[in-house]
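So you can see what is in the structure, the chains are spelled out below.
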Amino acid sequence: MMKAMKRAWTNSSLRTKWFYSIAVTIVGVYAAVCIIIYAALYAWLSENEKGNAVRTVDDLQGYFSSQSVQISVNDLQQQTGLMKAILTQEQTVRLYSLDGVELLQINDFSSRTPLLNETSRTIEQKVVDDQDVYVVQDVITIGRSAVMIQLIHPLTSFQAMMQYIVTTMLIMGIGALLLSGVISYFLAGHFVKPLLQLRNSMLQVKERGVSANTLTVEHGKDELGDVLHIYNEMLEQLDESFQRQQQFVFDASHELRTPIQAIEGNLKLIQRWGKDDEEVLEESLRISLDEIARMKKLMEELLQLARQQKVDYELALNIVPVIEQLKTEYAPFIHVQIEVENCLIAISEQALVQITRNLIENSLRYCSEEPNIIVKLKKQEQFAELTIVDNGVGIAQEHLPYIFDRFYRADDARLHVEGSTGLGLSIVKMLVEKYGGRIFVQSEIEKGSTFILRFPIKK
Ligand code: ADP
């Protein structure tokens, strides 16, 4: 039974769970409040009834003592009218002699009930004529004789009152339950609606891809609105990244097609003429080999971009000797100025060499006069700053924001610059950022370019 209920609860919708939780809580709290109020009222009112019964006995006793000492029970029989006025509506009083003989009766709402064998005042609750009553019994004096008085106080009006309270509580309870049910049903619906929207959108995305997202965020700034907002942003980013990947694959295939077409053309030339013409054969083979070399470079660079190696944050490379080595490698076009003795950076030597080579080779490649490259290394607060200044052709302002993009070449006219793949700077940027650095560029057409790299220094 418990298990079945648990299963039903787990399988029911959020809206149902919400609805039942609120309803059960409201009913529970209401029932607890009602029970407490009922118990308090019951205690208070029943104490009140008891007080009324005792007060009547006291009043009668006062009345009897105010009479002359000569008065007898027989005399009193003539004055029952006055005594009736002392009793409240449905009380019945009987006077007995001490040996139990009934002497006098005032009112007759309740039948007789046996006397208790007690001489002091007793108050007991019992049932007389199927009716709950308080019975007060005492010994009093009338004139010179002692008599037993017994008052029967029915609890009819008290019970009617309690009945009335219970009925009112029940009716109000049902009303409150219905009202809270309606409110919680709509409230639950209101809260669950964005979740349902999210679910539907997720289903659509699952079936038809990220671009099929139809979720419109109208849910304000609460937590659910926040979730929808983040979800939408996430999908937008995913969509963008998918498109970028697609563009990358498209560009890569396009780049590979050019050398392949060139090789194909040259092989056909060889097939047709090359067997007899030494010159054609030689020239075609040379072009084909060049194209293959270009393709090889492109493939290597693509692989490099695709490789997602883990960064080793424990690395600490003194970059001074690595930069110094550039002097011999690129003499006589390079001037290296190092303002520090040593400089530790969390980078692998291979990555640093690759970064500097790509930048310097660009400076050599995009240069119309005798290249003059200055490489500076200095410390700048917590950063090591490596600057590469060239006297090359420069990059126009409109191209500057894009030169780090994959396959971007600043000028179509340079498409055929030897060794140009449009990937060099994107590899540089990828490597720099991978090791926690940043790269900036300044350039002026016909004057030259400056690339600035900043890496956090290792203590
Ligand atoms: P590429 O393989 O074409 O050199 P890069 O990503 O290295 O690709 O460079 C992107 C473009 O930025 C180049 O095509 C070139 O137009 C421009 N560029 C890069 N470095 C320089 C430089 N030092 N001087 C002038 N232009 C440069």
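Our subject is the structure listed above.
Source: prediction; values computed, not measured.

A. The arrangement of the overall build of the protein chain in detail. The number of helices and strands found in the protein chain is 10 helices and 12 strands. Its C-alpha atoms give the protein chain a radius of gyration of 52 Å, clearly above 23 Å, the size a compact globule of 459 residues would have. Across its three principal directions, the C-alpha atoms of the protein chain cover 165 × 60 × 40 Å. The burial tally for the protein chain puts 35% of its 459 residues in the buried class. Pairs at least 24 apart in sequence give 61% of the contacts found in the protein chain among residues at least 6 apart. Accessible area for the protein chain stands at about 28,500 Å²; split by element, carbon and sulfur atoms hold 57% of it.

B. Representation of the sheet that holds strand 7 (residues 334-338) in the model. Taken together, the 5 strands give an open sheet; going across it, the order is 7-9-10-12-11, and neighbouring strands pair in mixed fashion. Each edge of the open sheet carries a strand with a single partner, namely strand 7 and strand 11 (438-444). Within this sheet the neighbouring strands show an average axis-to-axis angle of 15 degrees, counted without direction. Of the strand pairs in this sheet, strand 10 (residues 383-389) and strand 12 (residues 448-456) are connected by 7 bridges, and their pairing is antiparallel.

C. Representation of helix 10 (residues 424-434) within the structure. Buried residues dominate helix 10, accounting for 8 of its 11 residues. Inspection of helix 10 places G424, L425, S426, I427, V428, L431, V432 and K434 among the buried residues, and these make up the whole buried set. Of the surrounding secondary structure, the elements contacted by the buried residues of helix 10 are helix 7 (278-306), helix 9 (349-365), strand 11 and strand 12. Downstream of helix 10 by one or two residues, G436 has phi in the positive range, about 80 degrees.

D. The arrangement of the site of the ligand in detail. Near the ligand there are 20 residues, and of these N362, Y366, S420, T421 and L425 occur at the shortest range. G422 is positioned with one of its backbone polar atoms (N or O) 2.8 Å from an oxygen atom of the ligand. For the ligand, the protein covers 99% of the area, taking 530 Å² as the surface of the free molecule. Looking at the shell around the ligand, the elements that each hand over two or more residues are helix 9, helix 10 and strand 12. Broken down by element, the residue count for the shell around the ligand peaks at 3 residues, all from helix 9. Grouping the amino acids of the shell around the ligand by side-chain chemistry returns 8 nonpolar, 8 polar and 4 charged.

E. Broad picture of the pairing of strand 4 (residues 131-142). Examined bridge by bridge, strand 3 (residues 122-128) and strand 4 share 7 bridges and lie antiparallel to one another. Bridging across to strand 4, V127 finds its partner in D132. Linkage of strand 3 to strand 4, two consecutive antiparallel strands, is achieved through a turn of 2 residues, within which D129 is found at a positive phi near 55 degrees. Judged from the 10 bridges that link them, strand 4 and strand 5 (residues 145-154) form a sheet pairing that is antiparallel. For Y134, the partnering residue across the bridge sits in strand 5 and is H153.

F. Looking closely at the nonpolar core. Counting residues in hydrophobic clusters, the biggest one holds 48 residues, and the most contacted among them are I347, I355 and V375. With 20 residues, the next largest nonpolar core counts L76, M83, I106 and I149 among its residues.

G. Highlighting the sheet that holds strand 4. Reading across from one edge, 2-1-5-4-3 is the order of the 5 strands in this open sheet, with antiparallel pairing throughout. Sheet topology places strand 2 (102-106) and strand 3 at the edges, where each strand pairs with a single neighbour. Here the average twist between neighbouring strands, direction ignored, is 25 degrees. As judged from the 5 bridges shared by strand 1 (residues 92-96) and strand 5, these two strands associate in the antiparallel manner. The residue of strand 5 that forms the bridge with Y96 is M148. In this fold helix 2 (residues 14-66) packs onto strand 1, strand 3, strand 4 and strand 5, with an angle of close to 25 degrees to the strand it touches most, strand 4.

H. Representation of the packing of aromatic side chains. Counting across every chain of the model gives 10 aromatic pairs. Taking the centre distance of 6.2 Å and the plane angle of 35 degrees together, the rings of Y38 and Y42 count as tilted. Placement of the pair is Y38 and Y42 together in helix 2, with a separation of 4 residues, close to one helical turn. Relative accessible area serves as the criterion here: at 28%, Y38 is assigned to the partly exposed category. The exposure class of Y42 is partly exposed, given its relative accessible area of 37%. With centroids separated by 5.2 Å and ring planes inclined at 65 degrees, the aromatic side chains of Y42 and F158 adopt a geometry described as edge-to-face. One end of the pair, Y42, is in helix 2; the other, F158, is in helix 5 (residues 156-208), and 116 residues separate them in sequence. If you follow R15 out to its NZ or CZ, it ends over the ring of Y185, 4.1 Å from the centre. Against the face of F248 rests R406, its NZ or CZ located 4.6 Å from the ring centre.

I. Representation of the environment of Q337 in the model. Among the secondary structure elements, Q337 is positioned in strand 7. Residues Q337 and K378 lie 41 residues apart in sequence; the distance between their C-alpha atoms is 8.6 Å. Here Q337 is in contact with I374, V375, K376 and L377, once residues within four sequence places are set aside.

J. Quick peek at the side chain of S288. As for its placement among the helices and strands, S288 is situated in helix 7. The exposure class of S288 is buried, given its relative accessible area of 6%.

K. Quick look at the pattern of salt bridges. Scanning the model with the defined rule gives 16 salt bridges in all. In this structure, R286 and D290 form a salt bridge, with 3.0 Å as the shortest nitrogen-oxygen distance. Residue R286 and its partner D290 are both found in helix 7; the two are separated by 4 residues, about one turn of the helix. For D290, a relative accessible area of 42% translates into the label partly exposed.

The rules behind these values
Residues numbered from 1 in each chain as written. Predicted model: local features only at pLDDT ≥ 70, side-chain atom pairs only at ≥ 80, totals over all residues. Heavy atoms only, no water. Helix = DSSP H or I, 4+ residues; strand = E, 2+ residues; numbered from the N terminus. Rg over C-alpha atoms; globule rule 2.2 N^0.38 Å. Buried < 20%, exposed > 50% of the residue type's maximum accessible area, 1.4 Å probe, protein only. Contact = heavy atoms within 4.5 Å. Areas by Shrake-Rupley, 256 points an atom, 1.4 Å probe, with all protein chains shown as cover. Pairing = 2+ DSSP bridges. Axes fitted to C-alpha atoms, helices over the stretch in contact; angles between N-to-C directions. Near = heavy atom within 4 Å. Polar contact = N/O pair within 3.5 Å; in protein donor to acceptor, adjacent residues only side chain to side chain. Nonpolar A, V, L, I, M, F, W, Y, C, P; charged D, E, K, R; others polar. Core = buried A, V, L, I, M, F, W, Y, C linked by side-chain atoms within 4.5 Å. Phe/Tyr/Trp six-rings, centres within 6.5 Å; stacked < 30°, edge-to-face > 60°. Lys NZ or Arg CZ within 6 Å of the ring centre and 35° of its normal. Salt bridge = Lys/Arg side-chain N within 4 Å of Asp/Glu carboxyl O.

The values reported here are purely geometric and, on their own, carry no functional implication.
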